[in-house]
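# Summary of the model geometry
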Amino acid sequence: MSNNLKPNANFRRDKIPLWINISLTFVIVVLAFQAFAGYFMPQLLGENMTNETLLAKRLMMMLASRNAVFALLSLSAIGSQNAMFLAYAFMGNLLWALQDMFLTPYFMNWNTTGFGASLVFLILFVLPFILAIRKLRTLAELPD
């Protein structure tokens, strides 16, 4: 088959394993909750979270908008059922999870709770994301 007759991997629908769709759906729920809380009820994100000052309100809105954008991007990727689009969504969410994984214990002075939170991030997000990205890359390869 000549190169210009190969199907375009960017516009095809792939057979995505159910566990990948479930993993990303879980992430969308977390992101949507964080976005909602950031916009409307920051105290849901933590007892010391507030939007009483202009700076705090601005920072909460920035956090909420980041999470809303990632949720919408991930929702679009699930709707597309395209392996590469899903891989990019997982990559963005992986970078988000890695930052949170290291920022949580940093701000908790690396105490036991901080390490516990990082372990939860590792088990729930980082490892499944890496496995999903590897699987999606394999699915996205075009046959010769």
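Let me sum up the structure you'll find in this document. As a convention, each chain's residues are numbered from 1 in the sequence order in which they are written. In keeping with the model being predicted, local features are shown solely for residues with a pLDDT of at least 70 and side-chain atom pairs are shown and tallied solely at 80 or more, while totals for entire chains, interfaces and linings include all residues. The basis for the side-chain values is all heavy atoms of the structure; hydrogens and waters are excluded.

### What about helix α1 (residues 18–40)?
Over its 23 residues, α1 runs 33 Å from end to end, which matches the ideal 33 Å to within 8%, given 1.5 Å per residue. Residue exposure (1.4 Å probe, protein chains only): buried if accessible area is under 20% of the type maximum, exposed if over 50%, otherwise partly exposed. Strands here mean DSSP runs of E at least two residues long; helices mean DSSP runs of H or I at least four residues long; both are numbered from the N terminus. Taken residue by residue, α1 has I20, N21, S23, L24, V27, I28, V30, L31, Q34, A35, A37 and G38 as its buried positions. A helix is expected to reach a length of 1.5 Å times the quantity of its residues less one.

### Overview of helix α2 (residues 54–80)
Helix length check: α2, at 27 residues, gives a terminal C-alpha distance of 39 Å against a target of 39 Å (1.5 Å per residue), a fit within 8%. Along α2, the positions that sit buried rather than exposed are A56, M60, A64, N67, F70, A71, S74, A77, I78 and S80.

### Considerations on the environment of A140
Residue placement: A140 occurs in helix α4 (residues 112–140). Here A140 falls in the buried class, since its relative accessible area comes to 9%. Placed 56 residues apart in sequence, A140 and M84 show a C-alpha to C-alpha distance of 5.8 Å.

### With respect to the side chain of S23
For S23, the position within the fold is in helix α1. A polar side-chain atom of S23 sits 2.8 Å from the main-chain carbonyl oxygen of W19. Polar contact is defined as a pair of N or O atoms within 3.5 Å, subject to the rule that within protein one atom must be able to donate a hydrogen and the other to accept it, and that residues adjacent in sequence are counted only when both atoms are side-chain atoms.

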